[in-house]
Amino acid sequence: MTSPRKAGAVARLRTGGPRRRPRAGAQVRGGVPLPLLVPALIGLAFLLVPLIALLIRAPWPSMPELLASTAVWQALRLSLVCATAATVVSMLFGVPLAWLLARVEFPGRGLVRALVTLPLVLPPVVGGVALLMALGRNGVVGQWLDSWFGITLPFTTAGVVVAEAFVAMPFLVISVEGTLRAADPRFEEAAATLGASRFTAFRRVTLPLIAPGIAAGAVLAWARALGEFGATITFAGNFPGRTQTMPLAVYLALQNDPEAAIALSLVLLAVSIAVLAGLRDRWMTAS
Amino acid sequence: MIRSARRTRRMLQVTGAGAAALLALSACSSSGSDSGGKPESSAAAGGADKVSGTVNVFAAASLTESFTRIGEAFEKEHPGTKVVFNFGGSDSLAAGITSGAPADVFASASPKTMQVVTDAGDAAGTPATFVRNQLEIATLPGNPDRISSLKDLTGDDLKVVLCDKAVPCGAAAQKALTAAGLELTPVSYEEDVKAALNKVVLKEADAAVVYRSDVKAAGEKVEGVEFPESAEAVNDYPITLLKDAPNGEAGKAFIALVQSAAGQKVLTEAGFTAP
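Definitions and cut-offs
Residue positions are counted from 1 within each chain, in the order its sequence is given. Whichever chain is written first is A, and whichever ligand is written first is 1; the rest continue in order. Local features in this predicted model are restricted to residues whose pLDDT is 70 or higher, and side-chain atom pairs enter the listing and the counts only when it is 80 or higher, whereas totals over whole chains, interfaces and linings include all residues. Computation of side-chain values: all heavy atoms of the structure, hydrogens and water removed. Only heavy atoms matter for contacts: two residues are in contact if any of them lie within 4.5 Å across the pair. The term buried area denotes the loss of accessible surface (1.4 Å probe radius) that occurs when two parts are joined, taken as the sum for both partners. Put simply, a salt bridge is a Lys or Arg side-chain nitrogen that is within 4 Å of an Asp or Glu carboxyl oxygen. An automatic or database domain assignment is the source of the domain bounds shown. Here a polar contact means two N or O atoms within 3.5 Å. Within protein one must be a hydrogen donor candidate and the other an acceptor candidate, and residues neighboring in sequence count only if both atoms are side-chain atoms. Polarity classes work like this: nonpolar for Ala, Val, Leu, Ile, Met, Phe, Trp, Tyr, Cys and Pro, charged for Asp, Glu, Lys and Arg, and polar for all others, with Gly in that last group. Here, any two strands with at least 2 DSSP bridges between them count as paired. Only DSSP runs of H or I covering at least 4 residues are called helices, and only runs of E covering at least 2 are called strands; the numbering of each starts at the N terminus. Interaxial angle, 0 to 180 degrees, is taken between N-to-C directions of lines fitted to C-alpha atoms, where a helix line uses only the stretch in contact. UniProt positions are given in the numbering used here, feature names are shortened, and annotations may be inferred rather than shown by experiment. Burial classes: relative accessible area under 20% of the type maximum marks a residue as buried, over 50% as exposed, and values in between as partly exposed (1.4 Å probe, protein chains only). Each Phe, Tyr or Trp ring, with Trp reduced to its six-membered ring, pairs with another whose centre is within 6.5 Å; inter-plane angles below 30 degrees give stacked pairs, above 60 give edge-to-face pairs, and intermediate values give tilted ones. Ring-over charges, as used throughout, are those where CZ of Arg or NZ of Lys falls within 6 Å of the ring centre and within 35 degrees of the ring normal.

1. What to know about the interface of chain B and chain A
By convention, interface size is frequently given as the accessible area that disappears when the constituent parts associate. Tallying the contact residues gives 22 residues for chain B and 21 residues for chain A. Summing both sides of the interface, chain B and chain A together bury roughly 1,900 Å²; the carbon and sulfur share of this comes to 58%. There are one salt bridge connecting chain B and chain A. Put simply, R137 of chain A and D206 of chain B hold a salt bridge, and the shortest N to O gap is 2.9 Å.

2. Describing the domain arrangement of chain B
All names here are of chain B. Partitioning chain B into domains gives domain 1 (16–132 + 236–269) and domain 2 (135–232). Roughly 480 Å² is buried in total at the junction of domain 1 and domain 2, and carbon and sulfur atoms are behind 51% of that figure. For E65, the salt bridge is made with K194, and the minimal N-O distance between the two is 3.7 Å. Where domain 1 touches domain 2, the interface holds zero residue pairs in polar contact (both at pLDDT 80 or more). Each residue belonging to the side of domain 1 that touches domain 2 can be placed in one class, and the counts come to two nonpolar, three polar and two charged.

3. Side note on the sheet that holds strand β4 (residues 123–133) of chain B
Residues and elements named next belong to chain B. Ordered by their spatial adjacency, five strands build an open sheet running β2-β1-β3-β10-β4, and the pairing between neighbours is mixed. Every other strand in the sheet has two partners, leaving β2 (81–88) and β4 as the edge strands with one partner each. Within this sheet the neighbouring strands show an average axis-to-axis angle of 20°, counted without direction. Two strands pair when backbone bridges link them, and strand β1 (residues 53–60) and strand β3 (residues 105–107) are joined in this way by three bridges, in the parallel orientation. Residue pairing across strands places V57 opposite V105, the latter belonging to β3. Its contacts with the sheet put helix α10 (residues 248–259) on β1, β2, β3, β4 and β10 (235–242), and the angle it makes with β10 is roughly 155°.

4. Points about the UniProt feature "domain: ABC transmembrane type-1" (unreviewed entry) in chain A
When the UniProt feature table is mapped to this numbering, "domain: ABC transmembrane type-1" (unreviewed entry) covers residues 76–277 of chain A. The span residues 76–277 of chain A carries 80% helix and 0% strand; its end-to-end C-alpha distance comes to 19 Å.

5. Focus on the pattern of salt bridges
Summed over all chains, the structure comprises 16 salt bridges over all chains. Two residues, E105 of chain A and R109 of chain A, come together in a salt bridge whose shortest N-O distance is 3.4 Å. A relative accessible area of 68% means that E105 of chain A is categorised as exposed. In this structure, R132 of chain B and D236 of chain B form a salt bridge, with 2.5 Å as the shortest nitrogen-oxygen distance. Residue R132 of chain B is found in strand β4, and its partner D236 of chain B is found in strand β10; the two are separated by 104 residues along the sequence. Judged by relative accessible area, which is 28%, R132 of chain B ranks as partly exposed.

6. Examining the packing of aromatic side chains
Inspection of every chain in the model, using the stated rule, returns 13 aromatic pairs over all chains. Judged by centre distance (6.4 Å) and plane angle (85°), the ring pair of W148 of chain A and F149 of chain A falls under edge-to-face. Between Y237 of chain B and F272 of chain B the ring centres are 5.3 Å apart and the planes differ by 75°, which places this aromatic pair in the edge-to-face class. Here F272 of chain B lies in the segment after α11 (261–269) and Y237 of chain B lies in strand β10, a separation of 35 residues in the sequence. The same class applies to Y237 of chain B as to F272 of chain B, namely buried. The rings of F67, F74, F85, F87, F130, Y237, F254 and F272 of chain B are connected pair by pair, giving a single aromatic cluster. Stacked on the ring of F239 of chain A, the Lys or Arg R242 of chain A has its end atom at 4.3 Å from the ring centre.

Put into structure tokens, the structure is as follows:
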């Protein structure tokens, strides 16, 4: 939160060189050892070359035409709306969950924490199948939603939000929980001794304290939701304008029009970079 | 499909080769086998009659059940051989072959994808249509919505899924709908035929337009409804030996078995029709 730290972090990123002010573990004196430098550069190339290849192979002359179609904008708009909605859902439920995991001692807490992170490592398709089993028209919960309220989630935009929130929320929970653990609980205790209820302490003291962590988690969750494919196509299906998000459009375009797929991928890439760049300062402070 | 021994070997290669492995990965993922099969296959190159070694068959996902059975019959008929399958979407298989995946045989679900391979000059000879597939409506068991024709799917209260137009089953469904003069708004355009079928298997959708062979493969979980317009959208399955086949003799023998009466019987039992 403090601005000098933020400025320092940003400056460090911009210059990339060593800084005057010493900071534990922040820099290496002398040359970078080769056994570290070589794999590091291979790692960097591995992450960047595919993205650069996308730019090189892009059908630039036909780009305007490929991107002019309403289907592209429909998919992009849906992606942005759904990812944002999924992030809001994740924050509404994820922040309290993170607080529970970080601040309340209860039996099996370690297990619960592990289970919360499960969607992170689960293949997204498995997540989609699990969601169908739970919230599908015949699902464990879904059949009651259907018969009592007439709500069915598969094949709806709400279903997309559910699928995206399922895979994105763990990112937020982990981020916020980490921040909470790092935050000093004595501030909350002090608030409590001054007569604040636990909820008031959370709202007035803890929440502002961990705001950067929440922001960082929200960005991560949003980015994850934006790129979600497997759970979405499994749980929500694929219908243009209703459930067809950009990743789905890319995948299906790849089947018979690879050029269109590259063009769509670039749009998604540009949007992701724009958002991460726009939130860079907040992102850096939290990390 | 991928046996663990080979996977371990591949993983060793990957970890050992370092940076080069990154390049090798793409080849590995699209191929059903690797150089491990070579020593056996080079033994076969000597004797023309004696078929042995590993046959790498790239086949459309819809052939999974029937080709697995034919593969077992092949191994029994030619002791010492091993049939390794790479089942997947025809498009991605074709892409794998044209980028150099070591395959002996390619069986595609559509002439269009086969043409990708022939245009690239990767086929040995002319591909032959070995089987046909026709569309059918898959409904919930017992057909509770009393669907008897394509027209019945256009009702508002039915949740119908189709394959996306980008994949062969979706293109065929569109053709059939056009032939019937019908317009149908599904709840979803699924990414492949199995995905469409599974939405009905899971009872999330009331009906799907899929291949007859897929309805058969699903057994009791769905009920098939035939419709006359499916004749307008029959899908031909071509098969071919590949030019750079590591084990061409065995590949040829496998194709012969597919086209033989025994092979055709397995395929028709699976819901395909003879060409």
